[in-house]
Amino acid sequence: MTPLQDANTVTAHTTPSVDFETDEQKETDPLDELPGEVEMTLFEHLEELRLRIFYALIAVAVSVVGCFFAVKPIVQLLEVPAKGVKFLQLAPGEYFFVSLKVAGYSGLLLASPFILYQIVQFVLPGLTRRERRLLAPIVLGSTVLFAVGLVFAYSLLIPAALKFFISYGADVVEQLWSIDKYFEFVLLLLFSTGLAFQVPIIQLLLGSLGIVSSKQMLSGWRYVILGAVVLGAVITPSTDPLTQTLLAGAVLGLYFSGIGLVKLIGK
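About the cut-offs
- Residues numbered from 1 in each chain as written.
- Predicted model: local features only at pLDDT ≥ 70, side-chain atom pairs only at ≥ 80, totals over all residues.
- Heavy atoms only, no water.
- UniProt positions renumbered as here; feature names shortened; annotations may be inferred.
- Buried < 20%, exposed > 50% of the residue type's maximum accessible area, 1.4 Å probe, protein only.
- Helix = DSSP H or I, 4+ residues; strand = E, 2+ residues; numbered from the N terminus.
- Arc of directions from axis to C-beta.
- Contact = heavy atoms within 4.5 Å.
- Expected span 1.5 Å × (residues − 1).
- Axes fitted to C-alpha atoms, helices over the stretch in contact; angles between N-to-C directions.
- Parallel < 35°, antiparallel > 145°, perpendicular 65-115°, else oblique.
- Left-handed = near helix turned anticlockwise from the far one by under 90°.
- Nonpolar A, V, L, I, M, F, W, Y, C, P; charged D, E, K, R; others polar.
- Phe/Tyr/Trp six-rings, centres within 6.5 Å; stacked < 30°, edge-to-face > 60°.

If you check an unreviewed UniProt entry, the chain appears there as Sec-independent protein translocase protein TatC from Fischerella major NIES-592. Under Subunit (unreviewed entry), UniProt gives the following word-for-word description of the chain: "Forms a complex with TatA." For the record of the chain, the UniProt heading Function (unreviewed entry) holds the text "Part of the twin-arginine translocation (Tat) system that transports large folded proteins containing a characteristic twin-arginine motif in their signal peptide across membranes."

**Some details on helix 3 (residues 71-79)**
Where helix 3 is concerned, the buried positions are Val71, Val75 and Leu78. Along the long axis of helix 3, the arc covered by the buried residues comes to 65°, so they all point the same way. In helix 3, the exposed positions angled more than 90 degrees off the buried face are occupied by Lys72 and Pro73. Looking at the packing, one finds that the buried side of helix 3 touches helix 2 (42-69), helix 4 (94-123), helix 5 (129-168) and helix 6 (179-196).

**Some points on helix 10 (residues 241-264)**
In an α-helix, one turn spans 3.6 residues, which is why side chains three or four residues apart end up on the same side. The end-to-end C-alpha separation of helix 10 is 34 Å, in line with the 34 Å expected for 24 residues at 1.5 Å each. Looking at the buried side of helix 10, the elements it contacts are helix 5, helix 6, helix 7 (199-208), helix 8 (214-219) and helix 9 (221-235).

**A word on the environment of Val262**
Tracing the backbone through its elements, the reader meets Val262 in helix 10. Setting aside anything within four residues of it in sequence, one finds Val262 in contact with Gln203, Leu204, Gly207, Ser214, Met217 and Lys267.

**Regarding the packing of helix 7 against helix 10**
Direction vectors running N to C along helix 7 and helix 10 enclose 30°, while the axes themselves pass 8 Å from each other. As summarised for this structure, helix 7 and helix 10 are arranged roughly parallel, according to the angle between their axes. Between helix 7 and helix 10 lies a crossing of right-handed hand. Contacts from Val199, Pro200, Gln203, Leu204 and Gly207 of helix 7 reach helix 10 at Val251, Leu254, Tyr255, Gly258, Ile259, Leu261 and Val262. Grouping the amino acids of the contact of helix 7 with helix 10 by side-chain chemistry returns nine nonpolar, three polar and no charged.

**Re the packing of aromatic side chains**
All chains considered together, the criterion is met by 12 aromatic pairs. Arranged with centres 6.1 Å apart and planes meeting at 85°, the rings of Phe68 and Phe96 form a pair that is edge-to-face. With Phe68 in helix 2 and Phe96 in helix 4, this pair connects stretches of sequence that are 28 residues apart. You can call Phe68 partly exposed: its relative accessible area is 28%. According to the relative accessible area criterion, Phe96 is partly exposed, its value standing at 43%. An angle of 85° between the planes, with centres 5.3 Å apart, marks the rings of Tyr182 and Phe183 as edge-to-face. Following the ring pairs from residue to residue traces out a cluster consisting of Phe68, Phe69, Phe96 and Phe97.

What follows is the structure in structure tokens.
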């Protein structure tokens, strides 16, 4: 064997193999796959959305009608926090329209699980396995927190606000309230508090998507305190400081709990 042939032989044996595997040949993470993926046109998506909205509206209508026929116990339940107050109907049909309003809010609340189900069914085909893992905890957590917000408003915020207003003018004016104004106050406070209690869910979504980390959330605590105070002043229909302080404190507690949840998932 000549020296040239020997060098070629050595070169051939020592040249490392190159992996020319393309990106298409690489295996994708199973968690990033769309299980049961079905191709749909834009019009099919719109038709699906129309059906989901239609089903949700039917559920709301049925719930509202049912709540209207059972509105008296609901009204009596919402009047409980206003102890010692006499309600007046200041215009013809005022109580009727209050009943419609109470039935509307109650029916929407009663139909909300079905509405949520329709939303989930619409977005589910477009979610990966990884995203579907987050769906159940988020939906369940959102429902529980909204219910806790309603209980918090009914048992703490509303009584505190009403006690402040009643005691403030107890020696000057007799407590005769418009039933329409009272229920506008109560219903708004109930639902706004339920929405405010969604703060940890928003944090969990932002953290799981990698938009904001728990460390970044914690670093902005000064702005969060200011935002909670402003939120308490905006959401509460009353102007008393006690109600605003209670709501702001609850929002702050939820925010720091949300930081703990985000940190728990390693974000």
